Amino acid sequence: MKNLIICAILGLLLWHFFYPVGHVQYPAGVIAADEPTQTHISSPQTFLHAGYTITPLENFAIQAKVLSRQDYQFGRETDLSPIDLALGWGRMSDTGVLKDIDISQSNRWYRWHVEQFPIPQREIETHSANMHMIPANDLIKSSLKRVKNGDLIELKGKLVSILGNDGWRWQSSLTREDTGDHACEVVWVEDFYIHAR
């Protein structure tokens, strides 16, 4: 019985480490960098990953707050991207603003709702986005699994286009100005960092 209790405690500790829950709370006024940065890749080199052909489109870097995180276990996209992060930057990373915005994720979508706008609607639309994370290696995948809502993160990688052998396509948005269907970023994540909590 004693061994069973010890095993259960160790299992809970490991689960908490690899699949953290909860919400990190920073004080109001703490915000991430104003804008993501990206540069065009003039001669992209395609490569194979998990049976798909990936074409880098833009170099991409962002410092942002995690507004929401959603893990996926089913669907074709999960072959590549097991985690979506809804990210906010500028005033969309300020706790004082976010307390008035209800945020959710499902079915690869990010949604928000307000009773009264704390900042202009267009600023919400252009300073937050749902991003499909494709980890470049197991270390990045492990780091992504540790992300909590409210974390401040930094990542570098590529916005990509993906082609399956049967013609299936998945392509990243290349602008923060769009909304709705096809407005999400598909990110090949090469470097990922969570700020100290």
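Residues numbered from 1 in each chain as written. Predicted model: local features only at pLDDT ≥ 70, side-chain atom pairs only at ≥ 80, totals over all residues. Heavy atoms only, no water.

### Thoughts on the overall build of the protein chain
Point 1. Counting secondary structure elements, the protein chain contains four helices and ten strands.
Point 2. Moving toward the C terminus, one meets the helices and strands of the protein chain in the order α-β-β-β-β-α-β-β-α-β-α-β-β-β.
Point 3. Taken across its 197 residues, the protein chain has 45% of its residues classed as buried.
Point 4. For the protein chain, the proportion of contacts with a sequence separation of at least 24, taken over those separated by at least 6, is 74%.
Point 5. Accessible area for the protein chain stands at about 10800 Å²; split by element, carbon and sulfur atoms hold 55% of it. (Helix = DSSP H or I, 4+ residues; strand = E, 2+ residues; numbered from the N terminus. Buried < 20%, exposed > 50% of the residue type's maximum accessible area, 1.4 Å probe, protein only. Contact = heavy atoms within 4.5 Å. Areas by Shrake-Rupley, 256 points an atom, 1.4 Å probe, with all protein chains shown as cover.)

### With respect to the packing of aromatic side chains
Point 1. Evaluation of the coordinates by the stated rule reveals four aromatic pairs.
Point 2. On the basis of an interplanar angle of 65° and a centroid distance of 5.6 Å, the ring pair of Tyr52 and Trp168 is categorised as edge-to-face. Remark: Trp168 occurs in the loop between β8 (152-163) and β9 (169-171) and Tyr52 occurs in strand β3 (residues 52-71); sequence separation between them is 116 residues.
Point 3. With a centroid separation of 6.0 Å and an interplanar angle of 45°, the aromatic rings of Trp168 and Trp170 are classed as tilted. Trp170 matches Trp168 in its accessibility class, with the two residues each being buried.
Point 4. Linked through ring pairs, Tyr52, Trp168 and Trp170 together constitute an aromatic cluster.
Point 5. Over the aromatic face of Tyr72 sits the side chain of Arg108, whose NZ or CZ is 4.1 Å from the ring centroid. (Phe/Tyr/Trp six-rings, centres within 6.5 Å; stacked < 30°, edge-to-face > 60°. Lys NZ or Arg CZ within 6 Å of the ring centre and 35° of its normal.)

### Structural notes on the nonpolar core
Point 1. With 21 residues, the main nonpolar core has Leu85, Met131, Leu155 and Phe192 as its most contacted residues.
Point 2. Setting aside chain neighbours within four positions, we find Met131 in contact with Phe60, Ile62, Ile83, Asp84, Leu85, Leu87, Trp89, Glu185 and Val187. (Core = buried A, V, L, I, M, F, W, Y, C linked by side-chain atoms within 4.5 Å.)

### Details of the side chain of Glu123
Point 1. If you trace the backbone, Glu123 turns up in helix α3 (residues 121-126).
Point 2. Residues within four places of Glu123 in sequence aside, it is in contact with Arg91 and Met92.

### Examining the pairing of β8
Within a regular strand, the side chains alternate between the two sheet faces.
Point 1. Among the twelve residues of β8, nine are classified as buried, and the element is accordingly described as predominantly covered.
Point 2. As defined by bridge partners, β3 adjoins β8 across twelve bridges and the pair is classed as antiparallel. Bridge assignment links Ile62 to a residue of β8, and that residue is Leu155.
Point 3. The pairing of β8 with strand β10 (residues 185-194) spans seven bridges and is classified as antiparallel. In the strand pairing of β10, Lys158 is matched with Trp188.
Point 4. Pairing analysis gives three bridges linking β8 to β9, with the strands arranged antiparallel. By the bridge assignment for β9, Leu163 is matched with Arg169.
Point 5. Counting the residues in the hairpin turn of β8 and β9 gives five residues, including Gly167, whose phi is positive at 95°. (Pairing = 2+ DSSP bridges.)

### Examining helix α4 (residues 138-145)
Point 1. Within the span of α4, buried status applies to Ile140, Ser143 and Leu144. Down the axis of α4, the smallest arc covering the buried residues is 100°, so these residues share one side. The exposed set on the far side of α4, more than 90 degrees from its buried face, consists of Asp138 and Leu139.
Point 2. Measuring from the side-chain oxygen of the N-cap residue of α4 to the backbone nitrogen of Leu139 gives 3.1 Å; that N-cap residue is Asn137. (Arc of directions from axis to C-beta. Polar contact = N/O pair within 3.5 Å; in protein donor to acceptor, adjacent residues only side chain to side chain.)

### Side note on the pattern of salt bridges
Point 1. With the rule as written, the count across this model stands at nine salt bridges.
Point 2. When the shortest N-O distance is used, the salt bridge between Arg76 and Asp166 registers 2.8 Å. Here Arg76 is found in the loop between β3 and β4 (83-88), whereas its partner Asp166 is found in the loop between β8 and β9, with 90 residues between them in sequence.
Point 3. For Asp166, a relative accessible area of 55% translates into the label exposed.
Point 4. Arg122 is the partner of Glu177 in a salt bridge, and the nearest nitrogen-oxygen pair spans 3.3 Å. Pair noted here: Glu177 is in the loop between β9 and β10 and Arg122 is in helix α3, with a separation of 55 residues, a long-range link.
Point 5. Each of Arg122, Glu125 and Glu177 takes part in salt bridges that share partners, so that together they form one network. (Salt bridge = Lys/Arg side-chain N within 4 Å of Asp/Glu carboxyl O.)

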